[in-house]
Amino acid sequence: MQLDSILTVLQEIAPLEYAENWDNVGLLAGHRGRTISGVMTCLTLTSITLQEAIDAQAGLVVCHHPIPFKPLSKITSDTTTGKLLLDALQAGIAIYSSHTAWDNARTGINQQLADMMGLTSIKPLQAFAQPKSVDETVGVGRYGIASGAETTIGNLLQRLQATLPSIEPRHTHGSEHLVSKIGIVCGSGGSMLALVASRGCDAMLTGEATYHQCLEAESLGIAMLMIGHHASEAFAMKSLASQLQTKLPSLRVLASQREASRF
Ligand SMILES: [Zn+2]
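Residues numbered from 1 in each chain as written. Predicted model: local features only at pLDDT ≥ 70, side-chain atom pairs only at ≥ 80, totals over all residues.

Helix and strand counts for the protein chain stand at nine helices and 15 strands. The C-alpha radius of gyration of the protein chain comes to 19 Å, within 12% of the 18 Å expected for a compact globule of 263 residues. Taking the principal axes of its C-alpha atoms as reference, the protein chain extends roughly 55 × 45 × 35 Å. When each of the 263 residues of the protein chain is scored for burial, the buried share is 43%. Restricting to contacts in the protein chain with at least 6 residues of sequence separation, those with at least 24 account for 63%. (Helix = DSSP H or I, 4+ residues; strand = E, 2+ residues; numbered from the N terminus. Rg over C-alpha atoms; globule rule 2.2 N^0.38 Å. Buried ≥ 20, exposed ≤ 12 C-beta atoms within 10 Å, placed from the backbone. Contact = placed C-beta atoms within 7 Å.)

Written as structure tokens, this is what we have:
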């Protein structure tokens, strides 16, 4: 199948116009006309995931984190990014990323996290303005109400662990602390605390936040729940692989098995 045809389907799942304007999304390296028989999804392209893609004879890697992210003036083996790009291109592997478009999409990462926690009345923290109205199904982050209107941090995390059994969450308040309105930002969401506070949330779920962001959350009366950057996003690259496989049954689609994180 032509690479361009696969990209069309990826853009149906996560339209690139939903990406933040600082982001670098879409086809990042590769020939659009090249024939591809295998695709691998992963959170981040590293020497480990690249080797996995080579072993799996994947002609396209769909990674969540864009590489390259910033403009490059050289592509050499002197830098980690340069070496990865050279090795990928020499192996004939194209690179594509939806990044924040996938975070923000209708069925994207933040929506999936909100569903896992059983929240109700789910809306984006910042909905995207459409030409004539505001679309309340796409946008930055999500927030919603705990089922039963109020729950404990421990219960919320238990619900998450039903889908993500390996997470080792950290949180600012005790497990018995009661919360009702929960804001969600996958990945490094600590910097979005003010937006979460502006929605009247009393808890925030994210991948990672700094010590000072946690102190700020405490002072705002917001319980900060952190499940790890990798854990807050990697699951969605597996669901992206299955969505792509369903839409393109003739393609061989796999999600990375070797990618893991201890931090
Ligand atoms: Zn991330």
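Having seen the model, we can carry on.
The next thing to look at is the sheet that holds strand S3 (residues 60–63). The five strands are arranged S1-S4-S3-S2-S15 in an open sheet whose pairing can be described as mixed. The outermost strands of the open sheet, each flanked by one partner alone, are strand S1 (26–29) and strand S15 (252–255). In this sheet, adjacent strand axes meet at a mean angle of 25 degrees when their direction is disregarded. Relative to strand S4 (residues 94–97), S3 runs parallel, the two being bridged by three bridges. Each residue of the ladder has a partner; that of Val 62, found in S4, is Tyr 96. (Pairing = 2+ DSSP bridges. Axes fitted to C-alpha atoms, helices over the stretch in contact; angles between N-to-C directions.)

Now for the domain arrangement of the protein chain. Domain annotation of the protein chain identifies domain 1 (3–98) and domain 2 (106–230). The C-alpha centroid of domain 2 is placed 29 Å from the C-alpha centroid of domain 1. (Domains from an automatic or database assignment.)

This next bit is on the sheet that holds strand S10 (residues 170–171). Strands sit in the order S5-S8-S12-S13-S14-S10 across an open sheet of six strands; the sheet is mixed. With one partner strand each, in any of the chains shown, strand S5 (120–123) and S10 form the two edges of the open sheet. Pairing analysis gives two bridges linking S5 to strand S8 (residues 142–145), with the strands arranged antiparallel. Bridging across to S8, Lys 123 finds its partner in Tyr 143. Across the sheet, helix H5 (residues 109–116) touches S5, S8, strand S12 (181–188) and strand S13 (203–208), and the angle it forms with S12 is around 135 degrees.

Core analysis: the largest hydrophobic core is formed by 73 residues, its most contacted members being Leu 60, Val 61, Ile 182, Ala 203 and Met 204. If one sorts the elements of this core by residue count, helix H9 (residues 229–247) sits on top with six residues. Here this core gathers at least three residues from each of two domains, domain 1 (3–98) and domain 2 (106–230). Among all residues touching Val 61, those that are not within four sequence positions of it are Met 40, Cys 42, Leu 45, Ala 53, Ile 93 and Ile 95. (Core = buried A, V, L, I, M, F, W, Y, C linked by C-beta atoms within 7 Å.)

Once that is clear, we can look at unusual backbone geometry. At the junction of Ile 67 and Pro 68, the peptide bond is cis and its omega measures out at 0 degrees in the coordinates. The residue Pro 68 is located in the loop between S3 and helix H3 (80–90) in this model. A positive phi angle, close to 55 degrees, is found at Gln 57, a residue other than glycine. The backbone phi angle of His 99 is positive, close to 35 degrees, even though this residue is not glycine. Structurally, the position occupied by His 99 is in helix H4 (residues 99–104). The class for His 99 is buried, based on 23 C-beta atoms found within 10 Å.

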